[in-house]
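Listed here are the chains, written in short residue letters.
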Amino acid sequence: MDNLETNFYCKNETVKVVRKVSFDVHEKETFGLIGESGCGKSATLLSILRLIKDPGRVAGGSVVYKGINLLELSEKEMNKYRGSEIGMIFQEPMTALNPVLTIGEQICDAFKDEKLTKSEKEEKAINLLKIVGIPSEKQRLSEYPHQFSGGMRQRAMIASVLASEPKMLLADEPTTALDVTIQDQIIKLINNLKKKFNMSVILVTHDLGVVAEMCDRVAVMYAGKIMEIADVLTLFGEPRHPYTIGLSQSIPRKIRSGKLHPIEGSLPDLANMPEGCPFEPRCRYKEKICKEELPELIEIKKGHFSRCHFIEKLKNEKGIIEL
Amino acid sequence: MQNKEIILKVENLTKYFPLKKTIFDVLTKKPTRYVKAVDNVSLEIFKGENTGLVGESGCGKSTLAKTIIRLHEPTGGKIYFGEENFTSLDQKNLRKRRSDIQMIFQDPYSSLNPKMSVKEAIEEAAKYHKVCKKDEIELKVNEMLDMVGIPRYLSSRFPREFSGGQRQRIGIARALILNPKFILADEPVASLDVSVQMQIINLLDDLKNKLNLTILFISHDLRVVEYITNKVVVMYLGKIVEIGNTKELFESPAHPYTNILLNATPVLDPRKRATNAVIEGETPSPIDIPAECRFNPRCPFADDFCRKVEPELKLISKERYVACHKPLLKSEI
């Protein structure tokens, strides 16, 4: 992905949701996109599959998948990639599954090979339900989404995505709506499926705990910009951006190990973005230059990038692991 | 520990919701079935303590809170607030007494009236309960706004003009203007962004110390509970399964369910990843709860005895209660 821009064109203003975002995802890797609501992480994900709805539009940049720029394809060609090459799972499975089709029908619809007979398809679907850990598969196949619990729905959705054997899985907050015990199950399920089917995963989440459990590399987004990219151990061990550091310190730790230092203030208005660094109003380390000039994404060491004027100052800040 | 003052005492509190009968059920004279949301819960909360109430969704934690302030009428049991029996109050007196117990809700988007300005929303309750003289109300509202960190000049704006965190602050101001002694906070930060969550938690904690409040903190986020509370109550399917001092309970959980909840919370260290889930299966429906130990179908340690007899909530060590035949923590008493 290179210099991706996605804007939403509203009546009087243009909201720049994704502002020149670039990153690479390698084969068989789980790449995390983290940030708070409205930071553009979901919009980035949807832009990959060109699923941004009106009034939004991808305004520039490129999304290159295996050498092909997805943004230049015709809608018909694009459909070949959706699902079969790149699958997507959503936060709220109830809205992503079709309520008037049985789970079985939805999974069977997704099989690529059209020569399969109905019974062959059903057999494959039962097998998929087994893989994602849905008990009494046969009976479940003829049930509707509303008869499933939240966790089971998420599993069913994963099964229907797996049916078309994608090489890449886009997961948009797949566990946010679930209880901790179920969240734990789904995290482990996605991790194991990724290995089994040799997939790459792009995971969007706001939960650093989920990142720690799943990701190999992580990009931290704020107000449509990538602020820091690093492998997960570096990010948790030695973060070099004030926003990442603030997030790390916003997570409650053992009882009363000292007062927490959350980030003050709230998220900026995307329609009226300041010139300089978007994090400047809330930053603890800001100086005059931050208001005037947007810092570049600088490589600190191999694979570790940060967008800050004062990387040197942040050298001694601790990451989550040490806190 | 004897000198701690009990502010709220709940005795055998029960809340059942009847299920709708179908015409077939009526004709065949089937007995009404119930959702046993809160089932025989007893609990003491001490003055000045932060108590956490945790459990999975559907375990009855919100219903318990709403039953305590009688937004739901209890099916059975008693609630004492201080010396006073809260269950026997009639509606008129109940309304008066509610100024002492205030609730903060999860969703600040829906708990504020969209047609009321911030000032109106905050002063509405104060007027009703006659907290102060009419000409002092404005002063009082401003005082509240300062306390929760909302600039005074925003007081004539409407809820839609505020962010989630600010709305939650307004909700807190609205609860605090009545000088309550006890706050029920039902998932007060669950719908907020991570960086804003901690602001609200710190605010609640500061206010608690400043105003000498007692807070019952309902949350499914164990990290938040561990950070802010002194005491934790764990619920499963309408029943309390464990009560204990926060520090001790997080260090050595006694009930297998507590242990599983703690282990299911993602660790914040990528080096400590596990490959298998800590528990398979999901919470069963609260309609037909087994008469035996209700956790036995999911419990890794359950044996025949657990499948026959329901365990009682027993004291096993100092301030630690557990409802399990085979607690993980050895009994000291």
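The rules we used
- Residue positions are given per chain, counted from 1 along the sequence in the order it is written.
- Labels follow written order: the first chain is A, the first ligand is 1, and so on.
- With pLDDT at 70 or above as the cut-off, local features in this predicted model cover only qualifying residues; side-chain atom pairs require 80 or more to be listed or tallied, and sums for whole chains, interfaces and linings still use all residues.
- Runs of H or I in DSSP of at least four residues are treated as helices and runs of E of at least two as strands, each being numbered from the N terminus.
- As defined in this context, the radius of gyration uses C-alpha atoms, and a globule is described by 2.2 Å times the residue total to the power 0.38.
- Residue burial is a threshold on neighbouring C-beta atoms within 10 Å of the residue's own C-beta, all placed from the backbone, with 20 or more meaning buried, 12 or fewer meaning exposed, and counts in between meaning partly exposed.
- Contact between residues is assigned whenever the C-beta positions, reconstructed from backbone atoms, fall within 7 Å.
- In this description, strands pair whenever DSSP reports at least two bridges between them.
- Geometry is summarised by axes, namely lines fitted to C-alpha atoms with helices restricted to the contacting stretch, and by angles between N-to-C directions that run from 0 to 180 degrees.
- For this scheme, ten residues count as nonpolar: Ala, Val, Leu, Ile, Met, Phe, Trp, Tyr, Cys and Pro. Four count as charged, namely Asp, Glu, Lys and Arg, and the remainder, Gly too, count as polar.
- Orientation is classified from the angle alone, with under 35 degrees giving roughly parallel, over 145 giving roughly antiparallel, 65 to 115 giving roughly perpendicular, and any other angle giving oblique.
- Note: crossing handedness is left-handed where the near helix turns anticlockwise from the far helix by less than a right angle, and right-handed where it turns clockwise.
- Across the chain, each position has a pLDDT score giving the predictor's confidence in that residue, from 0 to 100.
- For a helix, the expected span equals 1.5 Å multiplied by the residue count minus one.
- The directions from the helix axis to the C-beta atoms form the arc being described.
- By our criterion, buried Ala, Val, Leu, Ile, Met, Phe, Trp, Tyr and Cys residues that link up through C-beta atoms within 7 Å make up a nonpolar core.

Asker: Help me understand the overall build of chain A in this model?
Answerer: Along chain A, the regular secondary structure elements total 12 helices and 13 strands. Scaling as 2.2 N^0.38, a compact globule of 323 residues should have a C-alpha radius of gyration of about 20 Å, and chain A matches this with 21 Å. Each principal axis of the C-alpha atoms in chain A carries an extent, and together these give about 70 × 50 × 40 Å. Considering chain A as a whole, with its 323 residues, one finds that 46% of them fall into the buried category. Across chain A, every contact between residues at least 6 apart in sequence was considered, and the portion connecting residues at least 24 apart equals 63%.

Asker: Would you explain the overall build of chain B in this entry?
Answerer: The number of helices and strands found in chain B is 10 helices and 12 strands. By its C-alpha atoms, chain B is 70 × 60 × 45 Å across when sized along the principal axes. Out of the 333 residues in chain B, the part that is buried amounts to 44%. Long-range contacts, defined as pairs at least 24 residues apart, comprise 65% of the intrachain contacts of chain B with a sequence gap of at least 6.

Asker: Honestly, the sheet that holds strand E3 (residues 30–34) of chain A in this entry has me stumped. Any pointers?
Answerer: Hydrogen bonds along the backbone pair up the strands of a sheet, which may run parallel or antiparallel. All names here are of chain A. Strand order across the open sheet formed by 8 strands is E7-E8-E9-E3-E10-E11-E13-E12, with mixed pairing between neighbours. This sheet does not close on itself; its edge strands, each paired only once, are strand E7 (86–89) and strand E12 (298–301). Adjacent strand axes in the sheet meet at a mean angle of 20° when their direction is disregarded. One ladder, built from 5 bridges, connects strand E8 (residues 168–172) with strand E9 (residues 200–205); its direction is parallel.

Asker: Teacher, can you tell me more about the sheet that holds strand E4 (residues 76–81) of chain B here?
Answerer: All names here are of chain B. Strand order in the open sheet formed by 4 strands is E2-E1-E4-E5, and the pairing between neighbours is antiparallel. Here the strands that pair on one side only, and so sit at the sheet edges, are strand E2 (34–46) and strand E5 (84–85). Summarising the sheet, strand E1 (residues 6–18) and E2 pair through 9 bridges and their orientation is antiparallel. From the neighbouring strand, Leu13 faces E2, where its bridge partner is Val41. This element, helix H2 (residues 61–68), spans E1, E2 and E4 of the sheet and lies at about 65° to E2.

Asker: What is the right way to read the interface of chain B and chain A from this model?
Answerer: By a widespread convention, an interface's size corresponds to the accessible area lost as its parts come together. Listed per partner, the contact involves 36 residues of chain B and 35 residues of chain A. Taken together, the elements giving at least two residues each to the side of chain B that touches chain A come down to helix H7 (194–211), helix H8 (222–228), helix H9 (246–251) and helix H10 (256–264) of chain B. Take the side of chain B that touches chain A: its biggest share by element is 7 residues, from H7 of chain B. Taken together, the residues of the side of chain B that touches chain A break down into 15 nonpolar, 12 polar and 9 charged.

Asker: Help me out: how do you make sense of the environment of Phe148 of chain A in this one?
Answerer: Residue and element names in this part refer to chain A. With respect to the helices, strands and loops of the structure, Phe148 is situated in the loop between helix H6 (137–141) and helix H7 (150–162). For Phe148, a count of 20 C-beta atoms within 10 Å puts it in the buried group. Along the chain, Phe148 and Met94 lie 54 residues apart, while their C-alpha atoms are 9.3 Å from each other. When near neighbours in sequence (up to four residues on either side) are disregarded, Phe148 contacts Glu143, Arg153 and Ala156.

Asker: So what exactly am I meant to see when it comes to the packing of helix H5 (residues 137–148) of chain B against helix H6 (residues 164–176) of chain B here?
Answerer: Geometry of a packed helix pair, given as the angle between the helix axes and the separation of the axes. Residues and elements named next belong to chain B. Following both chains from N to C, one finds H5 and H6 inclined at 135°, their axes separated by 9 Å at the closest point. By the angle between their axes, H5 is oblique relative to H6. Between H5 and H6 lies a crossing of right-handed hand. Residue-level contacts link Met144, Leu145, Met147 and Val148 of H5 to Arg169, Ile172, Ala173 and Leu176 of H6. Considered class by class, the residues forming the contact of H5 with H6 number 7 nonpolar, no polar and 1 charged.

Asker: Explain the confidence of the model for chain B to me, please; I cannot follow it from the model alone.
Answerer: Regions with low pLDDT carry predicted coordinates that are not meant to be interpreted in detail. Residue and element names in this part refer to chain B. Per-residue confidence for chain B gives a mean pLDDT of 85; residues scoring 70 or more make up 98%. Here helix H1 (residues 23–27) is the element of chain B with the lowest mean pLDDT, 80, and strand E9 (residues 231–236) is the one with the highest, 93. In the predicted complex, the global pTM is 0.84; the interface-specific ipTM is 0.80.

Asker: Help me understand the environment of Ala302 of chain B, please; the structure alone is not making it clear to me.
Answerer: Residues and elements named next belong to chain B. If you trace the backbone, Ala302 turns up in the loop between H10 and strand E11 (314–317). Residue class for Ala302 comes out partly exposed when judged on the 18 C-beta atoms lying within 10 Å of it. Once the C-alpha coordinates of Ala302 and His129 are considered, the two residues, 173 residues apart in sequence, prove to be 52 Å apart. Apart from residues lying up to four places away in sequence, Ala302 is in contact with Cys293, Asn296 and Arg307.

Asker: Could you clarify how one ought to interpret H5 of chain B in this entry?
Answerer: Helical periodicity: at 3.6 residues per turn, an α-helix aligns residues three or four positions apart in one direction. Residues and elements named next belong to chain B. Between its first and last C-alpha atoms H5 spans 17 Å; for 12 residues at 1.5 Å apiece the expected length is 16 Å, and the two agree. Restricting attention to buried positions, one finds in H5 the residues Val141, Met144, Leu145 and Val148. Take H5 and look down its axis: the buried residues cluster within an arc of 100°, on one side only. Those residues of H5 that are exposed and angled more than 90 degrees off the buried face are Leu139 and Asp146. Looking at the packing, one finds that the buried side of H5 touches helix H4 (118–129), H6 and H7.

Asker: Would you mind showing me how to read the environment of Lys239 of chain B here?
Answerer: Residue and element names in this part refer to chain B. Mapped onto the secondary structure, Lys239 falls in strand E10 (residues 239–245). Put simply, Lys239 and Arg294 are 55 residues apart on the chain and 8.9 Å apart in space, counted from C-alpha to C-alpha. Discounting residues that sit within four places of it in the chain, Lys239 has contacts with Asp39, Asn40, Val41, Arg294 and Ala323.

Asker: Just to check I follow, could you spell out the packing of helix H8 (residues 180–196) of chain A against H10 of chain B for this structure?
Answerer: Here H8 of chain A crosses H10 of chain B at 50°, and the two axes come no closer than 8 Å. Comparing the axis directions of H8 of chain A and H10 of chain B gives the class oblique. The hand of the H8 of chain A/H10 of chain B crossing is left-handed. Residue-level inspection shows Val180, Thr181 and Asp184 of chain A of H8 of chain A in contact with H10 of chain B, the latter providing Ile260, Leu261 and Ala264 of chain B.

Asker: Is there a simple way to explain H2 of chain B in this structure?
Answerer: In terms of residue burial, H2 of chain B counts as a mostly covered element, since 7 of its 8 residues are buried. Along H2 of chain B, the residues classified as buried are Lys61, Ser62, Thr63, Leu64, Ala65, Thr67 and Ile68 of chain B.

Asker: Could you clarify how one ought to interpret unusual backbone geometry in this entry?
Answerer: Phi is positive for Lys66 of chain A, which is not a glycine, with a value near 50°. Along the chain, the position of Lys66 of chain A falls in the loop between strand E5 (64–65) and strand E6 (68–69).

Asker: Could you clarify how one ought to interpret the nonpolar core in this entry?
Answerer: Most often, soluble globular proteins have nonpolar side chains that are buried together. Membership of the largest hydrophobic core comes to 85 residues, with the highest contact counts inside it found for Ala173, Ala185, Leu216, Val234 and Ile240 of chain B. Not counting the four nearest positions on each side in its chain, Ala185 of chain B is found in contact with Ile104, Leu204, Ile215, Leu216, Phe217 and Ile218 of chain B. Ranked by size, the runner-up nonpolar core spans 83 residues in total, among them Tyr81, Val132, Leu178 and Ile202 of chain A.

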